[in-house]
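Per-entry structural report
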Amino acid sequence: MSGGPEPAKGRIGVLLVNLGTPDGTGYWPMRRYLSQFLSDRRVIEVNPLLWQPLLQGVILATRPRRSGANYRRIWRAAENESPLRTFTRAQAERLRARLASADGTGEVVVDWAMRYGRPGVDERMRALMAEGCDRVLVLPLYPQYSATTTATVADDAFRALMRMRRQPALRIAPSFPDHPAYIRALADSVRQALAGLERPPQMLLASFHGLPRSYVEKGDPYLAECERTMRALRRALGLSEAEFPLVFQSRFGREPWLEPYTDDVLSGLPGRGIRRVAMITPGFLSDCVETLDEIGRESRHVFMEAGGEDYTVIPCLNDSPGAVALLEALLREELAGWLPEPSAPGG
């Protein structure tokens, strides 16, 4: 019995994976996206028999409209998509161009996917295999590890493999909370942003996405990795913890989340005489609804209503040269043994 045609092989695929985004800001696109996201057992650990009736009932009857309004404020009309999709695609394109310029071989194929929404991980892994990739590196775009983010990307990649008859070799890149290239890019972005201000801020704050405290108590290393980022970034900028505190945003539900809460801290600063602040969000590699609308609009309102005067939000790394240099550094480290060793001078 003759076998099927031998597929092209020998190339290496790199799949950048970010959280996800709805396809539109209307009720039904938002409902589909939120249903997929909030049905993930890694994200919501409540028993599905209790959670799903609540989610599919009252939550998805009301939340898509509120979330859709948030997305409409940041939606990129020209591309008809969210900034997260725009920047993730741009990161992949710039990384692909950088590798092609450096190596000139086309051996590494760079693509991107979303954990929730489109394009999905399964779809893009199959596309990489169709381009001759028999080895794939999945690179979750989360600087700090959490089961709710990095682990669920790995889950999705493994599920994709379970549906494949011919599987590629697979690697999952680890988180990079204090990778030198990451800290260097963040520190450079802070210096550049602050240099352009007429008056320097009295305090710099780093806001990370929140997480239920119970998740950390069960062993999630997210808090420890946020603290690793902050220790390295404070050293790079020469700032103390009092000058550059760590805060947490984006609470959901009634149980305690990681503290201190961003808005609680911001509302108390003017009463202490701190009326000029700058915010950075080192848990996000790309700007999204949490950075642009929540920190950029909602938290700004909290601070200004409490008596603040100047409120600056430092953009995420997005598709900046620093972000692309970071991704290349991570890629080259994780592809050790797959990429050929560089030739020695004169070899």
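Keep in mind that this is a model prediction, so the values were computed, not measured. In this numbering scheme, every chain counts its residues from 1 along its sequence in written order. Local features in this predicted model are restricted to residues whose pLDDT is 70 or higher, and side-chain atom pairs enter the listing and the counts only when it is 80 or higher, whereas totals over whole chains, interfaces and linings include all residues. By convention in this description, side-chain values take in all heavy atoms of the structure and omit both hydrogens and water.

Between Lys or Arg on one side and Asp or Glu on the other, a salt bridge is scored when a side-chain nitrogen of the former is within 4 Å of a carboxyl oxygen of the latter. Applying the stated rule across the entire model yields 27 salt bridges. One salt bridge in this structure joins Glu-131 and Arg-11, with 4.0 Å as the shortest N-O distance. Of this pair, Glu-131 sits in the loop between helix H4 (121-130) and strand E3 (133-140) while Arg-11 sits in strand E1 (residues 11-21), and the two are 120 residues apart along the sequence. Glu-131 sits in the partly exposed class, given a relative accessible area of 37%. To sort residues, take the accessible area from a 1.4 Å probe on protein chains only and compare it with the maximum for the residue type: under 20% means buried, over 50% means exposed, and anything in between is partly exposed. You can call Arg-11 partly exposed: its relative accessible area is 30%. Between Arg-115 and Asp-156 there is a salt bridge whose closest N-O contact spans 3.6 Å. A run of H or I in DSSP becomes a helix once it reaches four residues, and a run of E becomes a strand once it reaches two; helices and strands are each numbered from the N terminus.

For interface size, the figure often reported is the accessible area lost on association. By domain assignment, the protein separates into domain 1 (11-171 + 323-335) and domain 2 (180-313). Per the annotation, domain bounds derive from an automatic or database assignment of domains. Using only C-alpha atoms to locate each centre, domain 1 and domain 2 end up separated by 24 Å. Should any heavy atoms of two residues lie within 4.5 Å, those residues are counted as being in contact. The interface is formed by 26 residues belonging to domain 1 together with 24 residues belonging to domain 2. A quick way to say it: buried area is the sum, across both parts, of accessible area lost when two parts are put together, with a 1.4 Å probe. Together domain 1 and domain 2 conceal approximately 2100 Å² of surface at their shared face, both sides included; 64% is due to carbon and sulfur atoms. Joining domain 1 to domain 2, the criterion identifies two salt bridges. Salt-bridge contacts for Asp-293 lead to Arg-73; the nearest nitrogen and oxygen are separated by 2.8 Å. Polar contact is the term for a pair of N or O atoms within 3.5 Å; when the atoms are in protein, one must be able to donate a hydrogen and the other to accept it, and sequence-neighboring residues count only if both atoms are side-chain atoms. For the pair domain 1 and domain 2, the interface holds twelve residue pairs in polar contact (both at pLDDT 80 or more). At the level of elements, helix H2 (48-74), helix H3 (83-103) and helix H11 (321-334) are the ones that each hand at least two residues to the side of domain 1 that touches domain 2.

In this section: unusual backbone geometry. Omega for the peptide link from Arg-118 to Pro-119 comes to -10 degrees, which places this bond in the cis form. Following the sequence through the fold, Pro-119 ends up in the loop between strand E2 (108-117) and H4. Residue Pro-260 follows Glu-259 across a cis peptide bond; omega there is 5 degrees. Tracing the backbone shows Pro-260 in the loop between strand E6 (246-249) and helix H9 (262-268). The residue Ser-250 is not glycine, and still its phi comes out positive at about 65 degrees. With respect to the helices and strands, Ser-250 occurs in the loop between E6 and H9. Judged by its relative accessible area of 14%, Ser-250 falls in the buried class.

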